[in-house]
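Single-letter residue listing:
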Amino acid sequence: NKVWCSSFIFLECRDALLPLLIDQLSGQLDDNSNKPDHEACSQLLSNVLEVLDRKDVGPTAVHIQLIMERLLRRINRTVIGMSRQSPYIV
């Protein structure tokens, strides 16, 4: 986890890694045959967003836009489908 985080601060690494991470998250959230690992998904997305929020990592607007375009609808759909008693609903 920390290895990719240290690489993720570099623009070139984000350009290469982010589409792969988004694909993994999309696959987890869309997998109807298995129960998605919500904890792992939320932790991964949280780590990504924490890095993108830093001021010392260069431009991040394109990466944030990519996350919004490819994941926001899936995340919303997942949250709507969760039980209100889920520990992931705050």
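Before reading on, note that the structure itself is shown above.
Residues numbered from 1 in each chain as written. Predicted model: local features only at pLDDT ≥ 70, side-chain atom pairs only at ≥ 80, totals over all residues. Heavy atoms only, no water.

(A) Representation of the packing of helix α3 (residues 38-53) against helix α4 (residues 61-80). In the contact formed by α3 and α4, the axes pass within 13 Å of each other and the chain directions differ by 155°. What the angle tells us is that α3 and α4 run roughly antiparallel. Crossing geometry of α3 relative to α4 is assigned as left-handed. Contacts between α3 and α4 involve His-38, Leu-45, Val-48, Leu-49 and Leu-52 from the first element and His-63, Ile-64, Ile-67, Leu-71, Ile-75 and Thr-78 from the second. By residue class, the composition of the contact of α3 with α4 is eight nonpolar, three polar and no charged. (Axes fitted to C-alpha atoms, helices over the stretch in contact; angles between N-to-C directions. Helix = DSSP H or I, 4+ residues; strand = E, 2+ residues; numbered from the N terminus. Parallel < 35°, antiparallel > 145°, perpendicular 65-115°, else oblique. Left-handed = near helix turned anticlockwise from the far one by under 90°. Contact = heavy atoms within 4.5 Å. Nonpolar A, V, L, I, M, F, W, Y, C, P; charged D, E, K, R; others polar.)

(B) Quick peek at the pattern of salt bridges. Counted according to the given criterion, the structure contains four salt bridges. As a salt-bridge pair, Asp-23 and Arg-70 come within 2.2 Å of each other at their nearest N and O atoms. Highlighted residues: Asp-23 in helix α2 (residues 11-30) and Arg-70 in helix α4, separated in sequence by 47 residues. With relative accessibility at 29%, the residue Arg-70 sits in the partly exposed group. The closest approach of N and O atoms between Asp-56 and Arg-54, which form a salt bridge, is 2.8 Å. With a relative accessible area of 55%, Asp-56 lands in the exposed category. We classify Arg-54 as partly exposed; its relative accessible area is 37%. Through salt bridges with shared partners, a single ionic network connects Asp-30, Arg-74 and Arg-77. (Salt bridge = Lys/Arg side-chain N within 4 Å of Asp/Glu carboxyl O. Buried < 20%, exposed > 50% of the residue type's maximum accessible area, 1.4 Å probe, protein only.)

(C) Spatial organisation of the side chain of His-63. Among the structural elements, His-63 can be located in helix α4. At 2.8 Å, the side chain of His-63 and the side chain of Asp-15 are in polar contact. Beyond its immediate stretch of four places on either side in the chain, His-63 contacts Leu-11, Arg-14, Asp-15, Leu-18 and Leu-52. (Polar contact = N/O pair within 3.5 Å; in protein donor to acceptor, adjacent residues only side chain to side chain.)

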